[in-house]
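Working through the structure, step by step
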Amino acid sequence: MNCVAHLAPGQWTADDDRATGYLEPEYWTDLARLLERGRFDAVFLGDVLGVYDVYDGGPDAALRQAAQIPMNDPLAVIPLMSQVTEHLCFGVTCSLSYEHPYTFSRRMTTLDHLTRGRIGWNIVTSYLDSAARNIGLDRQLSHDQRYDLADEYMDVCYKLWEGSWEDGAVVKDRVNGIYADPSKVHPIGHEGHYFKVPGFHMCEPSVQRTPVLFQAGSSGRGKQFAGTHAECVFVAAPTRKIIARNVADIRAQASASGRDNAAQIKIFAMLTVVVGRTEDDVRHKIEQYRSRASHEGAAALLSGWTGIDLAAYAPDDTLTYVDTDAGRSALASFSSADPDRVWTVQEAVEYVSLGGRGPLIAGTPAQVADELEAWMDETGLDGFNLTYIAAHRTFEDIVELLVPELQRRGLYRDEYEPGTYRDKLFAAGPRLPSDHPGSRYVR
Ligand SMILES: Cc1cc2nc3c(=O)[nH]c(=O)nc-3n(C[C@H](O)[C@H](O)[C@H](O)COP(=O)(O)O)c2cc1C
C-alpha cells in the first residue's frame, strides 16, 4: 500500500525501517529494482478509500499507529517503478464501489500503455463504511449487492476495453492525415441497473486491453465473482486446510460458470517470510519484530476487515462468526472456516500484527523453502503473495537468501519470460482467453 503501515503496524518506529519514506520517489524505485533483481512476478499494491474507524468507534487508533492511514494513491507510483524496470509487473487494487467504470477504465488503459502491458487489476468491492460515507452515501451497499454491482461494472469495462475499438481502428495514416477510422470505433450503448454508458472508450487499445484480472474475496459470493471474472485470485487464511478448500472452491466455481480453463486460474496465498542466515539470526529478527508490533494498530485493522469492534471484547474472548456488511472471509478464517482451531481476540490480533491474515514462516533459507514446498503440495496453490514486516528489509532478505535457495531447487525462475503480464503468467498471448466472459465483446 502507498502508506506507512500496511500489514505490520509499529514496525515503522525502527531506526533502519524505510516505511516513513513512502512519500519519496526513491522508496518506490528502489523497491522495484530490488524485486526485479529477485525475479518477482509483480509488485502487488493494495488500497482502501476510507479510514479504519470500527475499532473503539473512531479513527484514533488507526491514526496513532499509521494503520493504513495516511494513504496515498497506489496508481501514481506505478510509472515510477515501471520506468526503472523491464519485466516487473504491477497488480494494483482499485475498488469498483466508488469510481465510475467510464473514468476508471481510462486510467487502467493509460497505465497499460505506459508500462507496455505490465498491468493487473485487483478488483475489490471495499468493506469500510467510512469510504461510502465520504463519497456521499449513508453507508456502503450490502455485501452481496456490492458484488452484483461489480458484475455489471465488469461488463461495462469489457465493452469499453474489448469492444469499442476494433483492431485496426488506429490507422496512423500520415499520407492522408487520418489517425483513426471512425467506422471501426463503436459506442457501447450500455444501459444497465447501475450504469449508463452510451459512448466509446476514450483510449486507443493497449496491448493487453483488459488488465490481468485479480480478485481477493473468499466469501461465497466473492468466490462466485472470482469464478466468473478472475484470472488470478489472492487467498488469505492461517492454515493449509482452509487454503486448500478455498482453492478447490474457486476452481469449481470457475468450471460452473463455463470456463474451460478453470485449472489455469492462478491462485496465490498471502504469506509473510522472515528468513535469516542462521536460526539465531531468525530468532533475533522475530524478537525485534514482536517487540515493535502494535497490537492497537492490528486490532484497528482486524476490526475494519471484519466490521466488528474488537475493543468491545476481552482479550481472551473467543472469535465467532457472524455475517456483517464488511468483508466476510477475514472473520471466517479466524472462526467458522476451521472448527478445530479456536482463536481468542488477543491471539488473532497478535497473529495479524506481523503480516496480516496469512501465516508467518520463519527460518533459514532451507527451512523456509521446505515449508513453502509443503504449502504448495498440500493446497493446490500456484504461488504466494508475500507481505512485508520491515520495509524494504523483508524483501532484501528474500531476494538475497531465499530466492537463490528456491532457484537451486529448480522451483523458481532464473530469467523472466518475455512479453506482457498476461504472456508471462499464461504464455498464451497478451489478450483475454477466448473462454473468458470479457472475450464475448471482442469485435
Ligand atoms: C491478499 C488480499 C489482499 C487484499 N487487498 C485488499 C485491498 O487492497 N483493498 C481492499 O479493499 N480489499 C482487499 N482485500 C479484501 C478482499 O478483496 C475483499 O474485499 C474482502 O475479502 C471482502 O470480500 P469477501 O467478503 O468476499 O471476502 C484483500 C484480500 C486478500 C486476501
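Residues numbered from 1 in each chain as written. Predicted model: local features only at pLDDT ≥ 70, side-chain atom pairs only at ≥ 80, totals over all residues. Heavy atoms only, no water.

Notes on the pairing of strand E3 (residues 119-124)
For the record, the criterion: Remark: exposure states derive from per-residue accessible area (1.4 Å probe, protein chains only) relative to the maximum for the residue type, with buried under 20%, exposed over 50%, and partly exposed in between. Strands here mean DSSP runs of E at least two residues long; helices mean DSSP runs of H or I at least four residues long; both are numbered from the N terminus. Whether two strands pair comes down to DSSP finding at least two bridges between them. Seen with its strands pointing away from the viewer, a crossover is right-handed if its path from the first strand over the helix to the second goes clockwise.
Of all six residues making up E3, five are buried, and the element is well covered by its neighbours. The sheet contact formed by strand E2 (residues 89-95) and E3 spans six bridges and is parallel. The residue of E3 that forms the bridge with Val92 is Trp121. Following the chain from E2 across helix H4 (residues 101-114) to the adjacent parallel E3, one finds a crossover that is right-handed. Pairing of E3 with strand E8 (residues 212-215), which is carried by four bridges, proceeds in the parallel orientation. By the bridge assignment for E8, Ile123 is matched with Gln215.

A word on the pattern of salt bridges
Just so we agree on the cut-off: Here, a salt bridge means any Lys or Arg side-chain nitrogen found within 4 Å of an Asp or Glu carboxyl oxygen.
Under the criterion given, the structure shown has 34 salt bridges. Here Arg18 and Asp30 are joined by a salt bridge, their closest N and O atoms 3.0 Å apart. Of the two residues, Arg18 is situated in the segment before helix H1 (25-37) and Asp30 in helix H1; the sequence distance between them amounts to twelve residues. For Asp30, a relative accessible area of 31% gives the class partly exposed. In this structure, Asp167 and Arg209 form a salt bridge, with 3.0 Å as the shortest nitrogen-oxygen distance. One end of the pair, Asp167, is in the loop between helix H6 (143-163) and strand E4 (170-173); the other, Arg209, is in the loop between strand E7 (196-197) and E8, with 42 residues separating them in the sequence.

A few points about the state of the cysteines
Two cysteines whose sulfur atoms are joined by a covalent bond form what is called a disulfide. Our working rule: Any two cysteine sulfur atoms within 2.5 Å of one another count as a disulfide.
Evaluated as defined, the whole model comprises zero disulfides. Its sulfur unpaired, Cys203 is 12 Å from the next cysteine sulfur, which belongs to Cys157. The exposure class assigned to Cys203 is buried, which follows from its relative accessible area of 11%.

Describing the side chain of Ser439
Inclusion rule: Contact between two residues is taken to exist if any of their heavy atoms lie within 4.5 Å; hydrogens are not considered.
Relative to the elements of secondary structure, Ser439 occurs in the segment after helix H15 (421-426). Contact partners of Ser439, with chain neighbours within four places excluded, come to Leu432, Pro433 and Ser434.

So, the site of the ligand
Put simply, the test is: Throughout, the term near means that a residue has one or more heavy atoms lying within 4 Å of the molecule or strand in question. Pairs of N or O atoms are called polar contacts if they sit within 3.5 Å, as long as, within protein, a hydrogen donor faces a hydrogen acceptor (for residues adjacent in sequence, only side-chain-to-side-chain pairs). Reported accessibility uses the Shrake-Rupley method at a 1.4 Å probe radius. Residues are deemed covered only where the shown protein chains occlude them. Cavity: a set of points on a 1 Å grid over the protein atoms alone where a 1.4 Å probe fits but cannot get out. Pocket: an open set with protein on both sides within 12 Å along at least five of seven lines, its lining residues, like those of a cavity, having an atom within 4 Å of a point. By definition, a pocket or cavity contains a molecule when more than half of the molecule's atoms lie within 2 Å of the pocket's grid points. For this classification, the nonpolar set comprises Ala, Val, Leu, Ile, Met, Phe, Trp, Tyr, Cys and Pro, the charged set comprises Asp, Glu, Lys and Arg, and every other residue, Gly included, is treated as polar.
Neighbouring residues of the ligand: 21 residues in total, closest Asp47, His143, Tyr147, Ser219 and Ser329. In this structure, an oxygen atom belonging to the ligand sits 3.5 Å away from a side-chain N or O atom of Thr93. A distance of 3.1 Å separates an oxygen atom of the ligand from a polar backbone atom of Ser218. Here the ligand, which alone exposes 620 Å², has 94% of that area covered by the protein. Spatially, the ligand is embedded in the largest cavity. Taken together, the elements giving at least two residues each to the shell around the ligand come down to E3 and H6. Of the residues contributing to the shell around the ligand, the split by class is eight nonpolar, eleven polar and two charged.

Remarks on empty space enclosed by the protein
Inclusion rule: Grid points are joined across faces, edges and corners, and a volume is the space filled by probe spheres set on the points.
Taken as a whole and assessed by the stated rule, the structure comprises three cavities of 30 Å³ or more. If you add up the space inside the largest cavity, you get close to 700 Å³. Along the walls of the largest cavity sit 42 residues, with Asn122, Val124, Tyr127, Ala216 and Arg357 positioned nearest its centre. Breaking the lining of the largest cavity down by element, the ones donating at least two residues are E2, E3, H6, strand E9 (232-235), strand E10 (266-275) and helix H11 (329-333). Looking at the lining of the largest cavity residue by residue, the class counts come to 21 nonpolar, 17 polar and four charged. Surrounding the second largest cavity, 13 residues form its lining, Val4, Ala5, Ala8, Tyr388 and Ile389 being those nearest its centre. Considered class by class, the residues forming the lining of the second largest cavity number nine nonpolar, three polar and one charged.

Here's the deal with the layout of surface pockets
Considering only enclosed or pocket space, the largest pocket measures out at about 1,100 Å³ in volume. If you go around the largest pocket, you meet 46 residues; those closest to its centre are Phe40, Asp41, Phe268, Phe384 and Asn385. Counting only elements with at least two residues in the lining of the largest pocket, the list comes to H1, strand E1 (42-45), E10, helix H13 (365-379), strand E12 (383-387), helix H14 (393-408) and H15. Residues belonging to the lining of the largest pocket are distributed by class as follows: 31 nonpolar, six polar and nine charged. Estimated volume of the second largest pocket: approximately 220 Å³. Asp16, Gln288, Tyr289, Ala390 and Arg393 are, among the 14 residues lining the second largest pocket, the residues nearest its centre. Elements represented by at least two residues in the lining of the second largest pocket include exactly helix H9 (279-292) and H14. Take the lining of the second largest pocket: its biggest share by element is four residues, from H9. Each residue belonging to the lining of the second largest pocket can be placed in one class, and the counts come to four nonpolar, three polar and seven charged.

A few points about the packing of helix H7 (residues 220-229) against helix H8 (residues 240-256)
Where we set the bar: Orientation is described by axes fitted as lines to C-alpha atoms, over the contacting stretch for helices, and by angles from 0 to 180 degrees between their N-to-C directions. Angle categories are assigned with fixed cut-offs, so that under 35 degrees is roughly parallel, over 145 is roughly antiparallel, 65 to 115 is roughly perpendicular, and the rest are oblique. Should the near helix be turned anticlockwise from the far one by less than a right angle, the crossing is termed left-handed; should it be turned clockwise, right-handed.
Packing of H7 against H8 leaves a shortest axis separation of 7 Å and a crossing angle of 55°. With respect to each other, H7 and H8 are oriented oblique. Where H7 crosses over H8, the handedness of that crossing is right-handed. Mapping the contact onto sequence places Lys223, Gln224 and Gly227 in H7 and Asn246, Asp249, Ile250, Gln253 and Ala254 in H8. When the residues that make up the contact of H7 with H8 are grouped by side-chain class, the tally is two nonpolar, four polar and two charged.

Let's talk about unusual backbone geometry
Here the bond from Ile69 into Pro70 is cis, since omega is 0°, no more than 30 degrees from zero. Omega for the bond connecting Ala391 with His392 falls within 30 degrees of zero, at -15°, which places this linkage in the cis form. Among the structural elements, His392 can be located in the loop between E12 and H14. Of note, Gln68 is a non-glycine position whose phi angle comes to about 55°, a positive value. Judged by relative accessible area, which is 2%, Gln68 ranks as buried. Within the chain, Lys172 stands out as a residue other than glycine whose phi angle is a positive 45°. Along the chain, Lys172 falls in strand E4.

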